[in-house]
Amino acid sequence: MEHVIQCAVKTIRERYSEPLTLDELAQAAMVSKFHFLRTFRRITGVTPGRFLSAVRLHEAKILLGSTSLNVSDIGAQVGYSSTGSFTRRFSESVGCSPTQYRHNSLGAVQPTSRRIQLVTDSPRPDDEGTISGVARNPYGTDSSIYIGVFESPILERSPAARATIAHSGQFRITGVPRGTWYVHAVAQEAPGVGAAVAGPPLAGTTGPVVVGAGADPVVTMTLRPLGWANPPILFALPVEWPAQAS
């Protein structure tokens, strides 16, 4: 069944601009849509609809950074019939508007976050908790590791809390609201020999984890290149996040 889902993901990545439906994808896989939906979500972590939306917005980011097409044309090219709905969905998922994203050549815009809190010795409110653990990057890059607490298994929207460590090691994020969260860690792969630019991002995800009374999760993440089953990274990683000691 994994091969079937891989073919469906390939279809989404190749035909993202088309109005693909769950029925069409399930029919192509020759299984019931309910079985297809359950299996797709188990393997990728998200529904086909959310995966399709993530691919569309990721392609929009590429077009914004590499072409002079206007926002309306880019929205239409990636499958949105309304410029308003495209702009709204892009802003929610990436953390800045399409125009703001384009104005920053690296796509690293400081978004508005609900909380920005690293380790402190101050008493914490009763409705907040802590997530700690270890993030490992086995690929030898000197890039900092950005760690955020997000609502979604897709790395999108602003984090509820966040931190940065200078290299592989321990982290501790305080000020995490009670609830169910996904923890994402991201770093940029070092350039290859003779390469002028960095390689693709490395990412690790764990979740869902529950933060609540008496529940301060401890997690371990190993960063790897994104695989075929991973939705694209949508959130524009801020370059200003300070690194905490580790």
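What counts, and at which threshold
- Residues numbered from 1 in each chain as written.
- Predicted model: local features only at pLDDT ≥ 70, side-chain atom pairs only at ≥ 80, totals over all residues.
- Heavy atoms only, no water.
- Core = buried A, V, L, I, M, F, W, Y, C linked by side-chain atoms within 4.5 Å.
- Buried < 20%, exposed > 50% of the residue type's maximum accessible area, 1.4 Å probe, protein only.
- Helix = DSSP H or I, 4+ residues; strand = E, 2+ residues; numbered from the N terminus.
- Pairing = 2+ DSSP bridges.
- Axes fitted to C-alpha atoms, helices over the stretch in contact; angles between N-to-C directions.

**Structural notes on the nonpolar core**
Counting residues in each nonpolar core, the largest one holds 32 residues, and the members touching the most others are Ile12, Phe36, Phe40, Phe86 and Phe90. Residue assignment for this core shows that the elements contributing at least two residues are α1 (2-14), α2 (22-29), α3 (33-44), α4 (48-66), α5 (71-77) and α6 (83-94). Of all the elements, α4 adds the most residues to this core, at 8 residues. Ile173, Val176, Val211 and Met221 belong to the second largest nonpolar core, which has 22 residues in total.

**Notes on the environment of alanine 215**
Mapped onto the elements of the fold, alanine 215 is located in the loop between β6 (201-211) and β7 (218-222). A residue is classified by how much of its surface remains accessible, and alanine 215, at 25% relative accessible area, is partly exposed. As for alanine 215 and isoleucine 131, which are separated by 84 residues in sequence, their C-alpha atoms are 9.1 Å apart.

**Digging into the sheet that holds strand β4 (residues 169-177)**
The pairing of strands in a sheet happens through backbone hydrogen bonds and is either parallel or antiparallel. Spatially, 3 strands are ordered β4-β1-β7 in an open sheet, and the strand pairing comes out mixed. The outermost strands of the open sheet, each flanked by one partner alone, are β4 and β7. On average, each strand axis in the sheet is inclined to that of its neighbour by 25 degrees, with strand direction left out of account. Two elements, strand β1 (residues 128-136) and β4, share 7 bridges in a ladder whose sense is antiparallel. Opposite valine 134, over in β4, you have glutamine 170 as the bridge partner.

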